[in-house]
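Commentary on secondary and tertiary structure
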Amino acid sequence: MSTWANLGLQDSASPLMEQLIFFHDHALLILVMITVLVGYLMFMLFFNSYINRFLLHGQLIEMIWTILPAIILLFIALPSLRLLYLLDEINEPSVTLKSIGHQWYWSYEYSDFNNVEFDSYMVPTNELENDGFRLLDVDNRIILPMNSQIRILVTAADVIHSWTIPALGVKVDGTPGRLNQTNFFINRPGLFYGQCSEICGANHSFMPIVIESVPVNNFIKWI
Ligand code: CUA
């Protein structure tokens, strides 16, 4: 989860999130190089008197500064496309979890295992345990096995919600009348926190998501 003064991305808990972080750093590096170059050029313009009797055109420099940015953009576009298709891949999931957004709570269904289903509400501040996280903890956590491919089906019952877990690199809209699908692979045990990220009404901020990632044996015991 995100803690104080963490302005960057959270530590990844899935291979895809790791790739997303790599891509973010890659794109940022290119961005910094462009900013430094443009900054240097703009700074140097202050010391240019703009006097050149014979300068009318410059075909070569025009060619260079047209084609070079296009090539640089390719270096962002191709890894981005690779990641996009990687995120879309469904790798024979062993568990399917259905999550339904409501105003303002999530409900979950484990349809694979004699229809385990429950609602998951935020724990109000006045009922919070001493070790609880305010506005982030829920009464019923999602339990999922680690080191397994998990499929998530997201939908909503009233308005659009969004099922978002930053550490897993998952963000799927739950739309009434539609069933969206995504998948992920949790590579360590622990608690992973998320929040709804589609403005869905007065209590939009108060429908968090908590995943408890456990070893497969414990998951089977729980289910
Ligand atoms: Cu549900 Cu915002």
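Look above for the structure.
In this text the structure is predicted, and so the values were computed from the model without any measurement.

Cut-offs and rules
- Residues numbered from 1 in each chain as written.
- Predicted model: local features only at pLDDT ≥ 70, side-chain atom pairs only at ≥ 80, totals over all residues.
- Heavy atoms only, no water.
- Helix = DSSP H or I, 4+ residues; strand = E, 2+ residues; numbered from the N terminus.
- Rg over C-alpha atoms; globule rule 2.2 N^0.38 Å.
- Buried < 20%, exposed > 50% of the residue type's maximum accessible area, 1.4 Å probe, protein only.
- Contact = heavy atoms within 4.5 Å.
- Areas by Shrake-Rupley, 256 points an atom, 1.4 Å probe, with all protein chains shown as cover.
- Lys, Arg positive; Asp, Glu negative; His and termini not counted.
- Charge placed at Lys NZ, Arg CZ, Asp CG, Glu CD.
- Salt bridge = Lys/Arg side-chain N within 4 Å of Asp/Glu carboxyl O.
- Core = buried A, V, L, I, M, F, W, Y, C linked by side-chain atoms within 4.5 Å.
- Pairing = 2+ DSSP bridges.
- Axes fitted to C-alpha atoms, helices over the stretch in contact; angles between N-to-C directions.
- Expected span 1.5 Å × (residues − 1).
- 1 Å grid on protein atoms, 1.4 Å probe; cavity = no way out; pocket = protein on both sides within 12 Å on 5 of 7 lines; lining within 4 Å.
- Points joined across faces, edges and corners; volume = space filled by probe spheres on them.
- Nonpolar A, V, L, I, M, F, W, Y, C, P; charged D, E, K, R; others polar.
- Domains from an automatic or database assignment.

Here we come to the overall build of the chain. A count of helices and strands for the chain gives three helices and 10 strands. When the elements of the chain are put in sequence order from the N terminus, they spell out α-α-β-β-β-β-β-β-β-β-β-β-α. Compactness check: the chain gives a C-alpha radius of gyration of 24 Å against a globular reference of 17 Å for 223 residues, more than 25% above the reference. Along the longest, intermediate and shortest principal axes, the C-alpha atoms of the chain span 85 × 40 × 35 Å. In the chain, which comprises 223 residues, the share counted as buried stands at 32%. Taking all contacts inside the chain whose residues are at least 6 apart in sequence as the whole, residues at least 24 apart take part in 64%. Approximately 14300 Å² of the chain is accessible, and the part contributed by carbon and sulfur atoms is 62%. Distance between charge centroids for the chain: 7 Å, based on 10 positive and 20 negative side chains.

Time to look at the pattern of salt bridges. One pass over the full model with this rule turns up two salt bridges. The closest approach of N and O atoms between Lys98 and Glu109, which form a salt bridge, is 3.4 Å. Of this pair, Lys98 sits in strand E1 (residues 95–102) while Glu109 is found in strand E2 (residues 105–110), placing the two residues 11 residues apart along the sequence. In this structure Lys98 comes out as partly exposed when scored by relative accessible area, which is 24%. Two residues, Arg141 and Glu212, come together in a salt bridge whose shortest N-O distance is 3.1 Å.

This part covers the nonpolar core. Soluble, globular proteins show a tendency: their nonpolar side chains are buried together. Counting 29 residues, the largest nonpolar core has Ile142, Leu144, Trp163, Phe184 and Ile211 as its most contacted members. Those elements giving two or more residues to this core turn out to be E1, E2, strand E4 (142–145), strand E5 (149–156), strand E6 (161–165), strand E7 (170–174), strand E9 (190–196) and strand E10 (209–214). Sequence-distant contacts of Ile142, defined by excluding residues within four places in its chain, comprise Leu97, Tyr108, Tyr110, Phe118, Trp163, Ile209, Val210, Ile211 and Glu212.

Across a sheet, paired strands are connected by hydrogen bonds in the backbone, their directions being either parallel or antiparallel. Sheet architecture is open: five strands sit in the order E4-E10-E9-E6-E7, paired in mixed fashion. Of all the strands in the sheet, just E4 and E7 have a single pairing partner and so form its edges. Recorded for the sheet is a direction-independent mean angle of 25 degrees between the axes of neighbouring strands. Both E6 and E9 contribute to a ladder of two bridges, which runs antiparallel. When the sheet's bridge partners are listed, Trp163 is paired in E9 with Cys196.

On to the sheet that holds E5. Within the open sheet, the five strands sit side by side as E3-E2-E1-E5-E8. Their pairing is mixed. Each edge of the open sheet is held by one strand with a lone partner, namely strand E3 (116–120) and strand E8 (180–185). Each strand axis lies, on average, 25 degrees off the axis of its neighbour in the sheet, ignoring direction. The sheet contact formed by E5 and E8 spans six bridges and is antiparallel. Residue pairing across strands places Ile150 opposite Phe184, the latter belonging to E8.

On to helix H1 (residues 15–45), then. With 31 residues, H1 should reach 45 Å at 1.5 Å per residue; the first-to-last C-alpha distance of 45 Å fits that figure. Within the sequence span of H1, burial applies to Leu16, Met17, Ile21, Ala27 and Ile30. Residues of H1 that are buried in the fold lie against helix H2 (59–88) and E8.

On to the layout of surface pockets. One number sums up the size of the largest pocket: a volume of about 380 Å³. Among the elements that line the lining of the largest pocket, the one with the most residues is H2, at seven residues. Split into classes, the residues belonging to the lining of the largest pocket amount to 13 nonpolar, no polar and no charged. In this structure, the second largest pocket occupies an estimated 320 Å³ of space. Taken together, 15 residues form the lining of the second largest pocket, with Leu87, Asp88, Gly169, Lys171 and Thr182 sitting closest to its centre. Only H1, H2, E7 and E8 provide two or more residues apiece to the lining of the second largest pocket. If one sorts the elements of the lining of the second largest pocket by residue count, E8 sits on top with four residues. The residue makeup of the lining of the second largest pocket, split by class, is nine nonpolar, four polar and two charged. Both of domain 1 (15–88) and domain 2 (95–222) provide at least three residues apiece to the lining of the second largest pocket.

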